[in-house]
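Descriptive structure summary
Listed below are the residues making up each chain.
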Amino acid sequence: MSGHNKWSTIKHKKEKTDAARGKIFTKIGREIAIAVREGGSADPNVNSKLKDVVAKAKANNMPNENIMRSIKKAAGEGEGNNYKEVTYEGYAPGGIAVIVEVVTDNLNRTASEVRHIFDKCGGSLGSSGCVSYKFTRKGVIEIDNSKGLDEDELMMLAMDAGADDVEAGDESAVIYTDPNDLSAVRDSLEKAGCTFLSVERAMVPNMTTEISDPEMAEKITRLIDWLDDYDDTQNVYHDADLPETEEEE
């Protein structure tokens, strides 16, 4: 994996088409709705969860007017009040652990659809807790490293910001934090002049399983793609170390 950080091989990447961006914006809008409802405030300076979602929105190049519109919509008694966050766990072909985080207004529909996707792709939906022990919730900040800072420089930058660890790549670096420290670390990195590629709380696998067989990689990727494309899905996490070419297709 020389020249690439591990996160780039396990994070599912979507094409940067207008349609894909629109879908990402819709998902972030749902996260904003939940953050406003659960945080009890439409002010990111008061609501830390909302502040993190706004940071994620900006890292995904969501226009400010879209962000403000979503916040105002959530602050009213409109769409979003019936949304529920649910996590499903299961296995992809080859025993690969998969976690699917969804936001839904219809639990029965979503459970049925997620099970259907697992079944159709040769996987299996498991019970709560069946694979989550293989992951740790972390704050994950991916920054542009096109200036080519070396690992020592990146580590110093990350530690000064209050982060826990860093992975360096050719064009980007991934900084890991305690999830509760995500906002503070992001703010510190922003002041240091960093350009963000993504900012999120994520389920990071404690270990990964390298998939070298192309046929198996294709089966796993098909399941991840289908789950990720499902309208109610917010995030898909897995512990497969897939070939880079498979992730970028």
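Please refer to the structure higher up on the page.
Residues numbered from 1 in each chain as written. Predicted model: local features only at pLDDT ≥ 70, side-chain atom pairs only at ≥ 80, totals over all residues. Heavy atoms only, no water.

1. Considering the pairing of strand β6 (residues 172-177)
Here is the key point about a regular strand: its side chains alternate between the two faces of the sheet. Most of β6 is tucked away: six of the six residues are buried. Here β6 shows two buried faces, one formed by Ser172, Val174 and Tyr176 and the other by Ala173, Ile175 and Thr177. Of the pairings in the sheet, the one linking strand β5 (residues 165-168) to β6 comprises four bridges and is antiparallel in character. Residue pairing across strands places Ala168 opposite Ala173, the latter belonging to β6. If you look at the hairpin formed by β5 and β6, you'll find three residues sitting between the two strands. (Buried < 20%, exposed > 50% of the residue type's maximum accessible area, 1.4 Å probe, protein only. Helix = DSSP H or I, 4+ residues; strand = E, 2+ residues; numbered from the N terminus. Pairing = 2+ DSSP bridges.)

2. A look at the layout of surface pockets
What the second largest pocket holds in volume is close to 410 Å³. In terms of lining, the second largest pocket is formed by 19 residues, of which the most central are Glu31, Glu85, Glu101, Arg137 and Arg201. Of the residues in the lining of the second largest pocket, the class split is seven nonpolar, three polar and nine charged. (1 Å grid on protein atoms, 1.4 Å probe; cavity = no way out; pocket = protein on both sides within 12 Å on 5 of 7 lines; lining within 4 Å. Points joined across faces, edges and corners; volume = space filled by probe spheres on them. Nonpolar A, V, L, I, M, F, W, Y, C, P; charged D, E, K, R; others polar.)

3. Points about the side chain of Thr233
As for its placement among the helices and strands, Thr233 is situated in strand β9 (residues 233-238). Taking relative accessible area as the criterion, Thr233 reaches 0% and is therefore assigned buried. When residues no more than four places from it in sequence are discounted, the contact partners of Thr233 are Lys27, Val100, Glu101, Val102, Leu227 and Asp228. (Contact = heavy atoms within 4.5 Å.)

Nothing here speaks to function; it is geometry throughout.
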